[in-house]
Amino acid sequence: CMLNNYDYYFIDHAYFLGGHDKKPAWYRVTKNGHNAYQIQERPSDRYEKYFKQDIKPWKKDGSKILVLPPTNAIANFFKAEDWLHDTLKTLRANTDREIVVREKPYNPTVSIDHVGATVKVDKPTSNQGRINWDDYYAMVTYNSNTMIASLTEGVPVFCDPLNSAAAPISETDFTRIETPKYGDRVALFSSLAYNNWTMNEMADGTAWRMINES
């Protein structure tokens, strides 16, 4: 689609209220991108109606850096297999803070089967429990949706410039780990709320209409 300049729509886990078992279940729908990596000028009404949370003041203390690497599937798809190694090398050269790496609790790897198809292979992971945001000065990620929780908790984000929805208000140069950006979270969340839809909204045309109004 990108090579031929075709419009496409990508559907994945929601920015807000994610989970297949929720009622209603929410999903993100992004036009021409894996993530909504630019802020759209949208009102805050949808965010305030469905997803509003108490946004804590920016934290400028915290002793640790939280690193959330791409899942195996994302690393394979975006050719980012070296992201964690390269990121840790950069961070260690630019900060003395403790670095904590957390793998996603469910993180199957990928392999190639006998006919050359990509297949999912389950593998054990370590579940480190809930994140104590009070410990952290910043979060560094490729494109994890945990960026919503981080920004809401007041912990600034460092992320990929093209594949993370946090990019418009976050630093993308990891050498600047000691100088985070503190952007407009309400503007970002308001934009993302117009990329976050229920199945009913997709079925009745609401999502299609609003996404294509932008």
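Residues numbered from 1 in each chain as written. Predicted model: local features only at pLDDT ≥ 70, side-chain atom pairs only at ≥ 80, totals over all residues. Heavy atoms only, no water.

Student: Could you clarify how one ought to interpret the packing of aromatic side chains in this entry?
Tutor: For any pair of aromatic rings, the description consists of the separation of the ring centres together with the inter-plane angle of the planes. Counted according to the given criterion, the structure contains 13 aromatic pairs. Seen in terms of ring centroids, Phe 16 and Phe 51 are 4.8 Å apart; in terms of plane orientation they differ by 15°. Their pairing is stacked. Here Phe 51 lies in helix α1 (residues 45-51) and Phe 16 lies in the loop between β1 (9-13) and β2 (26-31), a separation of 35 residues in the sequence. Each of the two residues, Phe 16 as well as Phe 51, counts as buried. For the ring pair Tyr 47 and Phe 189, a centre distance of 5.6 Å and an interplane angle of 45° mean the geometry is tilted. Here Tyr 47 is found in helix α1, whereas its partner Phe 189 is found in helix α5 (residues 185-193), with 142 residues between them in sequence. (Phe/Tyr/Trp six-rings, centres within 6.5 Å; stacked < 30°, edge-to-face > 60°. Helix = DSSP H or I, 4+ residues; strand = E, 2+ residues; numbered from the N terminus. Buried < 20%, exposed > 50% of the residue type's maximum accessible area, 1.4 Å probe, protein only.)

Student: What am I meant to see in the environment of Glu 81 here?
Tutor: Take Glu 81: it is sitting in the loop between α2 (72-77) and α3 (83-94). C-alpha separation for the pair Glu 81 and Val 155, spaced 74 residues apart in sequence, amounts to 26 Å. The residues contacting Glu 81, other than those within four sequence positions of it, are Ala 75 and Asn 76. (Contact = heavy atoms within 4.5 Å.)

Student: Is there a simple way to think about the pattern of salt bridges in this case?
Tutor: A side chain with one charge can pair with a side chain of the opposite charge if their charged atoms come near. Per the stated rule, a full pass over the model turns up 8 salt bridges. Lys 59 serves as the salt-bridge partner of Asp 61, at 3.1 Å between the closest nitrogen and oxygen. Judged by its relative accessible area of 13%, Lys 59 is buried. A salt bridge links Arg 176 to Glu 171, with the shortest nitrogen-to-oxygen separation between them at 3.3 Å. Taking relative accessible area as the criterion, Glu 171 reaches 7% and is therefore assigned buried. (Salt bridge = Lys/Arg side-chain N within 4 Å of Asp/Glu carboxyl O.)

Student: Please clarify how α5 should be interpreted in this entry.
Tutor: Within α5, 7 of the 9 residues are buried, leaving the element largely enclosed by the surrounding structure. For α5, the complete set of buried residues consists of Arg 185, Leu 188, Phe 189, Ser 190, Ser 191, Leu 192 and Ala 193. Where α5 begins, one side-chain oxygen reaches toward the backbone nitrogen of Val 186, 3.2 Å away; that side chain belongs to Asp 184. (Polar contact = N/O pair within 3.5 Å; in protein donor to acceptor, adjacent residues only side chain to side chain.)

Student: Can you help me understand the pairing of strand β3 (residues 64-68) in this one?
Tutor: Remark: a regular strand shows side chains that alternate across the two faces of the sheet. With 5 of 5 residues buried, β3 is to be regarded as a mostly interior element. One ladder, built from 4 bridges, connects β3 with strand β4 (residues 98-101); its direction is parallel. The residue of β4 that forms the bridge with Lys 64 is Glu 98. With 5 bridges joining them, β3 and strand β7 (residues 136-141) adopt parallel strand pairing. For Ile 65, the partnering residue across the bridge sits in β7 and is Ala 138. (Pairing = 2+ DSSP bridges.)

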